[in-house]
Amino acid sequence: MESYNETVDLLRRNFLAGKTRPIQFRLSQLEALNKLVEENKAALVQCLKKDLNKPPFEVELSELSMVQSEINLAVNNLSTWMKDEHVSKNLATTLDTAFIRKDPLGVVLVISPWNYPVHLTLIPLVGAIAAGNCVVVKPSEISQNTEKVLADLLPRYLDKDCFTVVCGGVPETTRLLENKFDYIFFTGSPNVGKIIMTAAAKHLTPVTLELGGKNPCYVHDDSDVQNAGRRIAWAKFFNAGQTCLAPDYVLCSEKYRDKLVGAIQTSIHEFYGEDPKQSPDLGRIISEKHFLRVSALLQSGKIVTGGQTDESERYIAPTVLVDVKASDPVMNEEIFGPVLPILTVSSVDEAIDFINQRERPLAAYAFSSSTQIVNQVLDRTSSGGFVANDGFMHTTIISLPFGGIGHSGMGMYHGKFTFDTFSHSRACLLRSDGREKLNEVRYPPYSESRLGFVLYAVGAKQKSSCVLS
Ligand code: NAD
């Protein structure tokens, strides 16, 4: 099997030759990527239909338009992002120039999963190009139709000496990871995240890990039940629940539960009609393996809506479970499918405790008409992101950082954060080779008075006296 040495070497030679550094080069590649999306929308919609039966509306909204927004933002702001950032100085360097240079990292590796295979491959690529890097892209082999289309299109639009696609699954990625990269940007499951981080550690390669987990959704008794039901159903059943940000489970009071189940049932009916299997707006499970895994979770608790499956189509109906115990299988792995367990709690405090007893999620959601309740959940829990009274709408704002914490990942991206992720903040000081008199005070032989002067010249002073008594 290929070792990918030659691929990585070629990219490194071109990086070291400075090919990716000029702003004109970066802009031309970003424009080319935009053109790729613009000119191949039909092919991208088609491959996502084949892989996930993804509705064109969802493709436009969550894959193509998000990539194009990122490209547009980068193109519009690149010259500002790339500028040296001048910083304040101390007395000792007051005549010098001190700044932060946003240096590209070098040859970086982007590994992506199958659930949003265009978005999660191309958005990191946008930031890596903008920051002036050479990139190896490794899309998921599970979304095989999209993998093929990306592998075919990317070399036709981007500079092949600087950007390349490696296809394949575990064996290929394992070999690829034996090479030294300057950064690895991984999106996928926490278990594979550990494998990536271990491989990266051998070369002291820094990583971003965009992982998954179980996103809690607390619904307080004072929430507008119709709106909560509709918004939760949309966020949960979008892409057939195969979204890292999908509400994984709901916590609400016992007396509110039946109302909420009713509202979610009504929403499912409104969204997908009498028989959701016939709806053009509901995706399918990516593979046989995942179909069997998610189907097995239907054994937990009691099905109050949905529950139908069809293996031949990898169809699982939008399903709501109640009477689920925390020890049930559905509560012990990321569901990643159209199955929503609702658990009851007696108070917001109990909900917060429940959330805090588990790994820190990628997102936490709280529904309430009371700011005080929303703030309690926000202030007393920890998660990658937080939304009040909706599902994953925060991800549409590219001025917000996107990333996990703890078990849901490390590092962040989107918008300028992606550019910063793929840049090294290089501390630069440019001094004159003259003015030696000013330096003499720091050289031996040392003395008390010299020390006092040097400390004064390099130290930062507190502006006012300490406020703590
Ligand atoms: P995965 O971890 O199985 O695979 C992700 C990538 O890693 C793929 O390209 C795959 O080929 C590669 N890979 C798999 N096993 C490997 C191994 N042993 N060694 C080296 N490489 C390997 O994830 P998935 O099933 O494709 O995606 C689902 C997971 O991704 C979920 O946990 C989901 O929450 C998470 N996810 C997170 C985000 C986010 O932004 N945080 C977004 C989407 C998905």
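Here the structure is a predicted model, which is why all the values come from computation and not from measurement.

Remarks on the site of the ligand
Next, step 1: Close contacts around the ligand come from 26 residues, with Ser112, Glu141, Ser189, Leu211 and Glu334 the closest.
Next, step 2: Between a nitrogen atom of the ligand and a main-chain N or O atom of leucine 211, the distance comes to 2.7 Å.
Next, step 3: For the ligand, whose free accessible area comes to 840 Å², the fraction covered by protein is 91%.
Next, step 4: Among the secondary structure elements, those contributing two or more residues to the shell around the ligand are helix H7 (170–176), strand E6 (183–187) and helix H8 (190–201).
Next, step 5: Among the residues forming the shell around the ligand, the class breakdown is 14 nonpolar, eight polar and four charged.
Next, step 6: When residues of the shell around the ligand are assigned to domains, at least three fall in each of domain 1 (5–211 + 412–424) and domain 2 (216–403).

So, the packing of aromatic side chains
Next, step 1: Overall, the coordinates contain twelve aromatic pairs when judged by the stated rule.
Next, step 2: Ring geometry for tryptophan 81 and phenylalanine 419: centres 5.5 Å apart, planes at 45°, overall tilted. Of the two residues, tryptophan 81 sits in helix H4 (residues 56–82) while phenylalanine 419 sits in helix H14 (residues 416–421), which places them 338 residues apart along the sequence. Neither residue differs from the other here; tryptophan 81 and phenylalanine 419 are each classed as buried.
Next, step 3: Site record: aromatic cluster; members linked through ring pairs are Tyr183, Phe185, Phe402, Tyr413 and Phe422.
Next, step 4: For the cation-ring pair, arginine 358 lies above phenylalanine 354, with the distance from its terminal atom to the ring centre recorded as 3.6 Å.

Some thoughts on the nonpolar core
Next, step 1: In terms of nonpolar packing, the biggest core is built from 106 residues, with Leu33, Val219, Leu260 and Ile264 touching the most fellow members.
Next, step 2: If you count residues domain by domain, this core takes at least three from each of domain 1 (5–211 + 412–424) and domain 2 (216–403).
Next, step 3: The contact partners of isoleucine 264, leaving out residues within four places of it in the chain, are Gly229, Ile232, Ala233, Phe237, Val320, Leu340 and Ile342.
Next, step 4: Membership of the second largest hydrophobic core comes to 25 residues, among which are Phe291, Val324, Val348 and Phe354.

Digging into the pairing of strand E15 (residues 363–367)
Next, step 1: For E15, the tally of buried residues reaches five of five residues, placing the bulk of the element in the interior.
Next, step 2: Residues Ala363, Tyr365 and Phe367 point to one face of E15 and Ala364 and Ala366 to the other, with burial holding for every one of them.
Next, step 3: Of the strand pairs in this sheet, strand E8 (residues 215–219) and E15 are connected by three bridges, and their pairing is parallel. In the sheet register, valine 219 faces E15, and the bridge partner there is phenylalanine 367.
Next, step 4: Alignment of E15 against strand E16 (residues 385–388), held across four bridges, turns out to be parallel. Residue pairing across strands places alanine 366 opposite alanine 388, the latter belonging to E16.
Next, step 5: Taken together, E15, helix H13 (residues 371–380) and E16 constitute a β-α-β crossover, and its handedness is right-handed.

Considerations on the sheet that holds strand E4 (residues 134–138)
Next, step 1: Across the sheet, six strands lie side by side as E5-E4-E3-E6-E7-E17; this open sheet has mixed pairing. Every interior strand has two partners, whereas the edge strands, strand E5 (163–165) and strand E17 (409–410), have only one.

Remarks on helix H2 (residues 23–39)
Next, step 1: For H2, built from 17 residues, the straight-helix expectation of 24 Å at 1.5 Å per residue is met to within 8% by its first-to-last C-alpha distance of 24 Å.
Next, step 2: Within the sequence span of H2, burial applies to Phe25, Arg26, Gln29, Leu30, Ala32, Leu33, Asn34, Leu36 and Val37.

Some remarks on the pattern of salt bridges
Next, step 1: According to the stated counting rule, one finds 27 salt bridges in the structure shown.
Next, step 2: The partner of arginine 101 in a salt bridge is aspartate 84, and the shortest N-O contact between them spans 2.6 Å. With arginine 101 in strand E2 (residues 97–104) and aspartate 84 in the loop between H4 and strand E1 (85–86), the pair connects residues that are 17 residues apart, well separated along the chain.
Next, step 3: Residue classification places aspartate 84 among the partly exposed residues on the basis of a relative accessible area of 26%.
Next, step 4: The partner of lysine 302 in a salt bridge is aspartate 323, with the nearest N and O atoms 4.0 Å apart. In this pair, lysine 302 sits in strand E10 (residues 302–305) while aspartate 323 sits in the loop between strand E13 (319–322) and strand E14 (339–344), placing the two residues 21 residues apart along the sequence.
Next, step 5: Under the relative-accessibility criterion, lysine 302 is labelled partly exposed at 45%.

Describing the packing of helix H9 (residues 225–237) against helix H10 (residues 254–272)
Next, step 1: At their nearest, the axes of H9 and H10 sit 8 Å apart, and the two run at 60° to each other. With respect to their mutual orientation, H9 and H10 come out oblique. You can see that H9 and H10 cross each other, and the crossing is right-handed. When H9 is examined against H10, the residues Val225, Gln226, Ala228, Gly229, Arg230, Ile232, Ala233, Trp234 and Phe237 are found in contact with a partner set consisting of Tyr256, Lys259, Leu260, Ala263, Ile264, Ser267, Ile268, Glu270, Phe271 and Tyr272.
Next, step 2: Split by residue class, the contact of H9 with H10 holds 13 nonpolar, three polar and three charged.

Topic: the side chain of threonine 381
Next, step 1: Tracing the backbone shows threonine 381 in the loop between H13 and E16.
Next, step 2: According to the relative accessible area criterion, threonine 381 is buried, its value standing at 13%.
Next, step 3: In this structure the side chain of threonine 381 is engaged in a polar contact, spanning 2.6 Å, whose partner is the backbone oxygen of valine 377.
Next, step 4: For threonine 381, the contacting residues outside a window of four places in its chain are Ile352, Ile355 and Asn356.

Comments concerning the sheet that holds E8
Next, step 1: If you trace the seven strands from one edge of the open sheet to the other, you get E10-E13-E14-E9-E8-E15-E16, paired in mixed fashion. Unpaired on one side and paired on the other, E10 and E16 mark the two borders of the sheet. Here the strands of the sheet are splayed against their neighbours by 25° on average, with no regard to which way each runs.
Next, step 2: Pairing geometry for E8 and strand E9 (residues 247–252), over four bridges, is parallel. Bridge pairing in E9 links cysteine 217 to valine 250.
Next, step 3: Across the face of the sheet, H10 comes into contact with E8, E9, E10, E13 and E14 while running at roughly 165° to E14.

Conventions used here
- Residues numbered from 1 in each chain as written.
- Predicted model: local features only at pLDDT ≥ 70, side-chain atom pairs only at ≥ 80, totals over all residues.
- Heavy atoms only, no water.
- Near = heavy atom within 4 Å.
- Polar contact = N/O pair within 3.5 Å; in protein donor to acceptor, adjacent residues only side chain to side chain.
- Areas by Shrake-Rupley, 256 points an atom, 1.4 Å probe, with all protein chains shown as cover.
- Helix = DSSP H or I, 4+ residues; strand = E, 2+ residues; numbered from the N terminus.
- Nonpolar A, V, L, I, M, F, W, Y, C, P; charged D, E, K, R; others polar.
- Domains from an automatic or database assignment.
- Phe/Tyr/Trp six-rings, centres within 6.5 Å; stacked < 30°, edge-to-face > 60°.
- Buried < 20%, exposed > 50% of the residue type's maximum accessible area, 1.4 Å probe, protein only.
- Lys NZ or Arg CZ within 6 Å of the ring centre and 35° of its normal.
- Core = buried A, V, L, I, M, F, W, Y, C linked by side-chain atoms within 4.5 Å.
- Contact = heavy atoms within 4.5 Å.
- Pairing = 2+ DSSP bridges.
- Right-handed = clockwise from strand over helix to strand, strands pointing away.
- Expected span 1.5 Å × (residues − 1).
- Salt bridge = Lys/Arg side-chain N within 4 Å of Asp/Glu carboxyl O.
- Axes fitted to C-alpha atoms, helices over the stretch in contact; angles between N-to-C directions.
- Parallel < 35°, antiparallel > 145°, perpendicular 65-115°, else oblique.
- Left-handed = near helix turned anticlockwise from the far one by under 90°.

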